[in-house]
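Here are the chains, one letter per residue:
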Amino acid sequence: MKNSLAAASPANTVMHRLDALSKLVALLCLSILTVHINEVVPSFIVLFCLLVLCMLVGNREKLLRRFLFIGSFALPLFILTMLSAPQGGESFDLGIFSVSTAAIEAAIVVSFRMIILFLSSMVYIETTNPRHFLVMLTHYIKLPYRFVFGVSVALAFVPLLEEEAKMAIAARKLRRGKAPQRMGEFLDMWKGSLLSIFTGAIRRISITAGAMDAKGFGAYPTRTYVTIPKIQASGYCVMILSVLSLCFLWSLV
């Protein structure tokens, strides 16, 4: 299974060469630090560095589309947080609402936090081979392979269902002869598309369950793999530096 952004970008960057486990440790450290930060300037610095990293390892056009996608969620989150956060400092009247500088800063931090978590996860997904990630979960972290197989199925099914959704929507537009004009037509088109996607998902689950049963999945407590990715010295350095950086920056912010 290929990642769309990784397929369109060169796979010879440092992030692509690192093993999945070391990048996972770095991702967890970044997530913990991001949740810990409660100030605007440190959050902006982390977001800026992450954007630079995204531009180096991914396709800029796809990055812009995904940034706009997460921005569509960050904007409502910013507004809701600004209106519901504790008030403090200088206040501003916005018609029937009154917000303060403290509420605005809290809303900015929360919005930045959401964008950072999304983009960092995207960088990890787009620069990591899913098979290596799953093998490392079972071999190094010692997770049950039944659980890991569920993660593998999810990673494989999500892009397939996404493509089926696009084809279903395109087919319904062609049969209608025009794009939906009213809200009722739009909802009707989406209802039919969701039903077809659900039917396709049930069909895939049935086929996968039959294949698993035929191969005797779960009959043995462990399973073997053809290749097991190794953690290089650079991977251990990344994990150690990530933990040390988290401890140092935690004490500063």
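Small disclaimer: the values here were computed from a predicted structure and weren't measured.

Undergrad: Summarise the overall build of the chain; cite the residues concerned and give the values.
TA: Within the chain, the regular secondary structure consists of ten helices and two strands. Put simply, the chain runs from its N terminus to its C terminus through helices and strands in the order α-α-α-α-α-β-β-α-α-α-α-α. With the C-alpha coordinates of the chain rotated into their principal frame, the extents come out at 70 × 60 × 35 Å. Within the span of the chain, comprising 253 residues, buried residues form 31% of the whole. Taking all contacts inside the chain whose residues are at least 6 apart in sequence as the whole, residues at least 24 apart take part in 74%. Surface exposure of the chain reaches about 16,100 Å², of which carbon and sulfur atoms provide 69%.

Undergrad: So what about the packing of aromatic side chains? Which residues, and what values?
TA: The relative placement of two aromatic rings is captured by the distance of their centres and the angle of their planes. Counted under the stated rule, the structure contains four aromatic pairs. For the ring pair phenylalanine 69 and phenylalanine 73, a centre distance of 5.2 Å and an interplane angle of 70° mean the geometry is edge-to-face. Of the two residues, phenylalanine 69 and phenylalanine 73 both sit in helix 5 (residues 60-84), four residues apart, roughly one turn of that helix. For phenylalanine 69, a relative accessible area of 47% gives the class partly exposed. With 5.9 Å between their ring centres and 80° between their planes, tyrosine 124 and phenylalanine 133 make a pair best called edge-to-face. Each member of the pair, tyrosine 124 as well as phenylalanine 133, is classed as buried. Ring pairing ties together the aromatic residues Phe44, Phe48 and Phe112, which thus form one cluster.

Undergrad: Go over the state of the cysteines with me, naming the residues and quoting the values.
TA: Two cysteines, two sulfur atoms, one covalent bond between them: this is a disulfide. Per the counting criterion, the structure on display carries zero disulfides. Between cysteine 237, a cysteine without a disulfide, and cysteine 29, which holds the nearest cysteine sulfur, the sulfur-to-sulfur distance is 14 Å.

Undergrad: A description of the nonpolar core should follow, citing residues and the corresponding values.
TA: Judged by nonpolar contacts, the single largest core of 18 residues is most densely connected at Leu47, Cys54 and Leu119. Elements that contribute at least two residues to this core include exactly helix 3 (20-36), helix 4 (40-57), helix 5 and helix 6 (101-126). When residues of this core are assigned to their parent elements, the largest contribution, six residues, is made by helix 6. Among all residues touching leucine 119, those that are not within four sequence positions of it are Leu47, Leu50, Leu51, Cys54, Leu63 and Phe67. Core analysis: the second largest hydrophobic core is formed by twelve residues, Ala20, Tyr124, Met136 and Ile231 among them.

Undergrad: How would you explain the packing of helix 5 against helix 6 if you had to name every residue and give the values?
TA: In the contact formed by helix 5 and helix 6, the axes pass within 9 Å of each other and the chain directions differ by 150°. When the axis of helix 5 is compared with that of helix 6, the two are roughly antiparallel. Between helix 5 and helix 6 lies a crossing of right-handed hand. Its residues assigned to classes, the contact of helix 5 with helix 6 comprises 20 nonpolar, two polar and two charged.

Undergrad: Can you break down the side chain of aspartate 19 residue by residue, with the values?
TA: Within the fold, aspartate 19 resides in the loop between helix 2 (14-17) and helix 3. Lysine 23 provides the closest opposite charge to the buried, unpaired aspartate 19, separated from it by 8.0 Å. A polar contact of 3.2 Å, which involves the side chain of aspartate 19, links it to the backbone nitrogen of leucine 21. Setting aside residues up to four positions removed in sequence, aspartate 19 forms contacts with Met136, Lys230, Ile231, Gln232 and Gly235.

Undergrad: With reference to specific residues and values, describe unusual backbone geometry.
TA: Although it is not a glycine, lysine 142 adopts a positive phi angle of roughly 65°. Position of lysine 142 among the secondary structure elements: in the loop between helix 7 (130-139) and helix 8 (145-176).

Undergrad: I'd like a description of the environment of valine 109, backed by residues and values.
TA: Inspection of the secondary structure puts valine 109 in helix 6. Taking the C-alpha atoms as reference, valine 109 lies 9.8 Å from threonine 81; in sequence the two are 28 residues apart. For valine 109, the contacting residues outside a window of four places in its chain are Ile37, Asn38, Glu39, Val40 and Ser43.

Undergrad: Hey, could you go over the UniProt feature "transmembrane region" (unreviewed entry) in the chain for me, with residue numbers and the actual values?
TA: Here, the residues flagged by UniProt with the feature "transmembrane region" (unreviewed entry) are residues 20-37, 43-60, 67-85, 97-122 and 233-252. Along residues 233-252, the helical share is 100% and the strand share 0%, with 29 Å between the first and last C-alpha atoms.

Undergrad: Give me empty space enclosed by the protein: which residues, what numbers.
TA: Here the structure, examined in full by the defined rule, presents two cavities of 30 Å³ or more. Taken as a whole, the second largest cavity holds about 30 Å³ of empty space. Of all the secondary structure elements, the ones that give two or more residues to the lining of the second largest cavity are helix 4 and helix 6. Counting residues per element, the lining of the second largest cavity draws most heavily on helix 6, which supplies three residues. Looking at side-chain class alone, the lining of the second largest cavity contains four nonpolar, two polar and one charged residues.

Reading the values: rules and limits
Residues numbered from 1 in each chain as written. Predicted model: local features only at pLDDT ≥ 70, side-chain atom pairs only at ≥ 80, totals over all residues. Heavy atoms only, no water. Helix = DSSP H or I, 4+ residues; strand = E, 2+ residues; numbered from the N terminus. Buried < 20%, exposed > 50% of the residue type's maximum accessible area, 1.4 Å probe, protein only. Contact = heavy atoms within 4.5 Å. Areas by Shrake-Rupley, 256 points an atom, 1.4 Å probe, with all protein chains shown as cover. Phe/Tyr/Trp six-rings, centres within 6.5 Å; stacked < 30°, edge-to-face > 60°. Disulfide = S-S within 2.5 Å. Core = buried A, V, L, I, M, F, W, Y, C linked by side-chain atoms within 4.5 Å. Axes fitted to C-alpha atoms, helices over the stretch in contact; angles between N-to-C directions. Parallel < 35°, antiparallel > 145°, perpendicular 65-115°, else oblique. Left-handed = near helix turned anticlockwise from the far one by under 90°. Nonpolar A, V, L, I, M, F, W, Y, C, P; charged D, E, K, R; others polar. Lys, Arg positive; Asp, Glu negative; His and termini not counted. Salt bridge = Lys/Arg side-chain N within 4 Å of Asp/Glu carboxyl O. Polar contact = N/O pair within 3.5 Å; in protein donor to acceptor, adjacent residues only side chain to side chain. UniProt positions renumbered as here; feature names shortened; annotations may be inferred. 1 Å grid on protein atoms, 1.4 Å probe; cavity = no way out; pocket = protein on both sides within 12 Å on 5 of 7 lines; lining within 4 Å. Points joined across faces, edges and corners; volume = space filled by probe spheres on them.

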